[in-house]
Each structure stands twice: as C-alpha cells, then as structure tokens.
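Structural description and commentary
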Amino acid sequence: MESQQPAIIEEIHFTVEGIRLAGTLHLPQTVKNPPVVIGLHGLLSNRSSAKQIDLAMACNTLGIAYFRIDHRGCGESEGEFESVTSLSARVRDLLAAVETLQNRGDLGEKIGLFGSSLGGTVCLAGASRLAAVSCVTLAAPIRSRDLHNAAKAEGDSRIPETFFNHQMQFDILEDVRQVRNLLIFHGDKDTVVPVNHAREIFRFAGEPKSLIVNREGDHRMTDPVHHKRFLTEASRWFLNAFHGTAK
C-alpha cells in the first residue's frame, strides 16, 4: 500500500433525537472535497476498534475521507445501551451522521459505507436511503435469529433475553435487494454470525458485488493476514467505486 498521506483528524459531536453522538473524521489534506466513507461498529463495540482506525488510514492514503462514529449507548456517545439500541435507531444514527457531513462544505457528495457485524447490517439497511456509492461489510447478519441463538449458545450474559426479543428483531432481505456495489467479507469459522449470512447477502445483492470468505476466519477477523487483505481490498473497492471503475 502507498505511503501514508497527511490527514487532519477531527473529533465531531452531533445530535440525533436529543442524544449526543461522538465521531472522528479523518480528512486527507491532499484532496479537495474528497469522497467519504462512514464506518459503523458492531453491537457491543465502538468507533475505536483497530479495523475502523486502520481502514480510515488506508482510505486516507487513497485520498478518501473516513468518519467513524459511536452509536447511541456506545463508546463516547450518550444513551443507556439497552434502552436506546435497535437496528432502526442505528440507521437513524447513520442518517444523522451523513447530514452532519453534508453540512460541512469540505467533503464531496459521494458516500461509501463500511460496517462490521451489526454495523454491516446497518449499512445494508440504510444504503438505498442514502444513495451510497459503495458498501463493504464484515461478518454482517442478515437477520437477528442466528445472532440471538449464537449469543445464547456462547453463554453471553451481557445482553438480556428481553433485548433480543423486543429490540433486536430484524430481517433485512428486502433492503439487501436494493444494494449494489457491495464487497462482503466473512470468516468460514465465524461462530457468532454463520457464513451462510454472507452467502445469502451475496446472492440477493445487485451487481457489482464480490464475496471474500476468509479460510479459518473468525468473527472479529483476528488473523493478521485476513486483516491486511481486508484493508487492501476494502480501500481499493471504495476507490474504484468512487471513480466509477468498480467491477
């Protein structure tokens, strides 16, 4: 990958439905009004994961801005997690983030989306509403049933049963049908979101699209080889989409 270009890193706060959210914008200095990728984290994560920060740097190298946010109830954003978290609420966070960027005047009109785990689901659910140029997902669930079953099987007690029963029920198949220019990553040993979710997303998404299945890959993509490949392929996918050369 090319050498890192200078970038401005700016902490940004914005409000949606009375909740103050935190985000970090990585703005390349060498490109005027660059396109921007918005990065969305998983259910129990935040904007400071290595995937988000490393992808921001990779995009900056290619002249692409990157905005990673903490969803309501996570990281440095306001809200009690269990009471404010749902798929629809996170889509509204995404829409508010886009509006915040559009009001700045120093970014281009083209938007890309990246999401890890539930963040990928949010990208797929919101892409058509935003006319996103391109999407990249990692280990994204297409429906909540398997995600709930996996949490129970692994004995994850951080989230109560009532949360899944009342706030985290979704099936985004119809949204996926509206998505195009999609790059999908998934590990074939993912025990949280089975790889069949990625294959179903790939089946129903529009062209152009690509599916990369990491052999022996887990949910968090902890293998350094998989991580490096992800950074290269994802940043290039965005670059090609923004310049109209994605295949």
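Just above, that's the structure.
Let me begin by describing the structure that accompanies this report. (Residues numbered from 1 in each chain as written. Predicted model: local features only at pLDDT ≥ 70, side-chain atom pairs only at ≥ 80, totals over all residues. Heavy atoms only, no water.)

**With respect to the environment of Val 16**
By secondary structure assignment, the location of Val 16 is in strand β1 (residues 7–16). A relative accessible area of 8% places Val 16 in the buried class. Measuring from C-alpha to C-alpha, the distance between Val 16 and Leu 107 comes to 21 Å, with 91 residues separating the pair along the chain. Residue contacts for Val 16: discarding those within four places in its chain leaves Leu 21, Arg 72, Arg 92, Asp 93 and Ala 96. (Helix = DSSP H or I, 4+ residues; strand = E, 2+ residues; numbered from the N terminus. Buried < 20%, exposed > 50% of the residue type's maximum accessible area, 1.4 Å probe, protein only. Contact = heavy atoms within 4.5 Å.)

**Topic: the nonpolar core**
Core analysis: the biggest nonpolar cluster contains 53 residues, and Phe 67 and Leu 113 have the highest contact counts within it. Not counting the four nearest positions on each side in its chain, Leu 113 is found in contact with Val 37, Ile 38, Leu 94, Cys 123, Ala 127, Leu 130, Ala 132, Ser 134, Cys 135, Val 136 and Phe 238. Formed by 22 residues, the second largest nonpolar core is a distinct cluster that contains Val 37, Leu 55, Val 136 and Leu 138. (Core = buried A, V, L, I, M, F, W, Y, C linked by side-chain atoms within 4.5 Å.)

**Topic: unusual backbone geometry**
Of all residues except glycine, most have a negative phi; of all peptide bonds, most are trans. The step from Glu 207 to Pro 208 runs through a cis peptide bond, and the omega angle for that step is -5°. For Glu 17, which is not a glycine, the phi torsion comes out positive at approximately 55°. On the secondary structure map, Glu 17 appears in the loop between β1 and β2 (19–28). The phi dihedral of Asn 33 is positive, around 50°, even though this residue is not glycine.

**Thoughts on the pattern of salt bridges**
Should their charged atoms come close, side chains of opposite charge can pair. Taken as a whole, this structure holds eleven salt bridges when the rule is applied. A salt bridge links Arg 47 to Glu 76, with the shortest nitrogen-to-oxygen separation between them at 3.1 Å. With Arg 47 in the loop between β3 (36–40) and α1 (50–61) and Glu 76 in the loop between β4 (65–69) and α2 (81–84), the pair connects residues that are 29 residues apart, well separated along the chain. Sharing partners across several salt bridges, the network here consists of Glu 11, Arg 47, Asp 70 and Glu 76. (Salt bridge = Lys/Arg side-chain N within 4 Å of Asp/Glu carboxyl O.)

**A closer look at the packing of α1 against helix α9 (residues 224–242)**
Look at α1 against α9: their axes get within 9 Å of each other, and the N-to-C directions meet at 45°. Comparing the axis directions of α1 and α9 gives the class oblique. For the pair α1 and α9, the sense of crossing is right-handed. Together, Ala 50, Lys 51, Asp 54, Leu 55, Ala 58 and Cys 59 of α1 and His 227, Phe 230, Leu 231, Ala 234, Ser 235 and Phe 238 of α9 make up the contact between the two elements. By residue class, the composition of the contact of α1 with α9 is eight nonpolar, two polar and two charged. (Axes fitted to C-alpha atoms, helices over the stretch in contact; angles between N-to-C directions. Parallel < 35°, antiparallel > 145°, perpendicular 65-115°, else oblique. Left-handed = near helix turned anticlockwise from the far one by under 90°. Nonpolar A, V, L, I, M, F, W, Y, C, P; charged D, E, K, R; others polar.)

**Describing helix α4 (residues 118–130)**
Between its first and last C-alpha, α4 extends 18 Å over 13 residues, near the 18 Å set by a 1.5 Å rise per residue. The principal kink in α4, of about 30°, is found at Leu 124. Burial within α4 is extensive, with eleven of its 13 residues counted as buried. Within the sequence span of α4, burial applies to Leu 118, Gly 119, Gly 120, Thr 121, Val 122, Cys 123, Leu 124, Ala 125, Gly 126, Ala 127 and Leu 130. Just downstream of α4, Ala 131 is the residue with a positive phi angle, here 50°. (Expected span 1.5 Å × (residues − 1). Bend = angle between axes of the 7 residues up to and from the residue.)

**With respect to α9**
The first and last C-alpha atoms of α9 sit 27 Å apart over 19 residues, in line with the 27 Å expected at 1.5 Å per residue. When we look at burial in α9, the residues that qualify are His 226, His 227, Phe 230, Leu 231, Ala 234, Ser 235, Trp 237, Phe 238, Leu 239, Ala 241 and Phe 242. In this structure, the buried side of α9 is in contact with β3, α1, β5 (111–116), β6 (134–138), β7 (182–187) and β8 (209–214). One side-chain oxygen of the residue at the start of α9 lies 2.8 Å from the amide nitrogen of Val 225, identifying that residue as Asp 223. The first or second residue beyond α9 is Gly 244, which carries a positive phi of 75°. (Polar contact = N/O pair within 3.5 Å; in protein donor to acceptor, adjacent residues only side chain to side chain.)

**Looking at the packing of aromatic side chains**
Tallied over the entire structure, the rule returns four aromatic pairs. Measuring from centroid to centroid gives 5.2 Å for Phe 185 and Phe 230, while their planes differ by 80°, and the two rings are edge-to-face. With Phe 185 in strand β7 and Phe 230 in helix α9, this residue pair connects regions lying 45 residues apart in the sequence. Residue Phe 230 is classed as buried on the basis of its relative accessible area, which comes to 0%. (Phe/Tyr/Trp six-rings, centres within 6.5 Å; stacked < 30°, edge-to-face > 60°.)

**Comments concerning the side chain of Asn 181**
With respect to the helices, strands and loops of the structure, Asn 181 is situated in the loop between α7 (173–176) and β7. Polar side-chain contacts of Asn 181 include one of 3.2 Å to the side chain of Trp 237.

**Some words on the environment of Glu 207**
Along the chain, Glu 207 turns up in the loop between α8 (196–204) and β8. Discounting chain neighbours no more than four positions away, the residues touching Glu 207 are Arg 180 and Asn 181. At a separation of 3.4 Å, a polar atom in the side chain of Glu 207 contacts the main-chain amide nitrogen of Lys 209.

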